[in-house]
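The chain contents come next:
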Amino acid sequence: MTNDYDSNIEENYHAKHPHLIRCTELLPIQFKGNDGMLFFAKADFYHPIDNYYIELKDHPLNLVKTKSDSERRMAAIPKHVRITNQHYLAHGWNHSLYKQQIVQSTLAADGIKLLLVFTKPLPTKKINQMNKHGLEYVIA
């Protein structure tokens, strides 16, 4: 366990759920994207009592289908524009519904559960998209 959190949201969530174990290593599985590109993923927490991983999200997921598409979208942002967190939320692979679907389904095939935990309410449209794609999630 470490005190090096990726965000204040993770630190605050952990303070409310101290029994969770902070994940600092990549998940032990390599993932294959819809475009054939390989990638790795890291969960935020591990729930030792119920034996599952948690991926904490503070915003709705985007609909970027591939890692290469995410990279193209980010590269297309004009050089004079200061890239903000909003750009990553809108175009980043780490915030993609498709990435989360690949990670969850690949882990599930190996008997490993990963649950998405959203810390804020989500628009109905985003909930419907996640339901359509079979994502396992809760809104805390």
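Conventions and cut-offs
- Residues numbered from 1 in each chain as written.
- Predicted model: local features only at pLDDT ≥ 70, side-chain atom pairs only at ≥ 80, totals over all residues.
- Heavy atoms only, no water.
- Phe/Tyr/Trp six-rings, centres within 6.5 Å; stacked < 30°, edge-to-face > 60°.
- Helix = DSSP H or I, 4+ residues; strand = E, 2+ residues; numbered from the N terminus.
- Buried < 20%, exposed > 50% of the residue type's maximum accessible area, 1.4 Å probe, protein only.
- Lys NZ or Arg CZ within 6 Å of the ring centre and 35° of its normal.
- Pairing = 2+ DSSP bridges.
- Contact = heavy atoms within 4.5 Å.
- Axes fitted to C-alpha atoms, helices over the stretch in contact; angles between N-to-C directions.

Participant: Looking at this structure, I do not really get the packing of aromatic side chains. What am I missing?
Facilitator: The way to describe two aromatic rings as a pair is by their centre distance and the angle between their planes. Applying the stated criterion across every chain, the model contains five aromatic pairs. On the basis of an interplanar angle of 40° and a centroid distance of 5.9 Å, the ring pair of tyrosine 13 and phenylalanine 45 is categorised as tilted. Taken together, the residues tyrosine 13 in helix α1 (residues 8-16) and phenylalanine 45 in strand β4 (residues 45-47) connect sequence positions 32 residues apart. A single burial state applies to tyrosine 13 and to phenylalanine 45, both of which are buried. Ring centres of phenylalanine 31 and phenylalanine 39 lie 5.5 Å apart, and the angle between their planes is 25°; this geometry places the pair in the stacked category. Here the two residues phenylalanine 31 and phenylalanine 39 agree in accessibility, since each one is buried. One aromatic cluster is present, built from ring pairs that chain together Phe31, Phe39 and Trp93. Stacked on the ring of phenylalanine 45, the Lys or Arg arginine 22 has its end atom at 5.8 Å from the ring centre. Over the ring of tyrosine 52 we find lysine 113, and its NZ or CZ is 5.6 Å from the ring centre.

Participant: Help me out: how do you make sense of the sheet that holds strand β7 (residues 137-139) in this one?
Facilitator: The pairing of strands in a sheet happens through backbone hydrogen bonds and is either parallel or antiparallel. The five strands lie next to each other as β1-β4-β5-β6-β7, forming an open sheet whose pairing is mixed. Two strands in the sheet have a free side with no partner beyond their single neighbour: β1 (21-22) and β7. Relative to strand β6 (residues 114-118), strand β5 (residues 52-57) runs parallel, the two being bridged by five bridges. What sits directly across from leucine 56, in β6, is valine 117. Each of β5 and β6 is contacted by helix α4 (residues 97-109), which is oriented at about 145° to β6, the strand it contacts most.

Coordinates in, geometry out; function isn't part of it.
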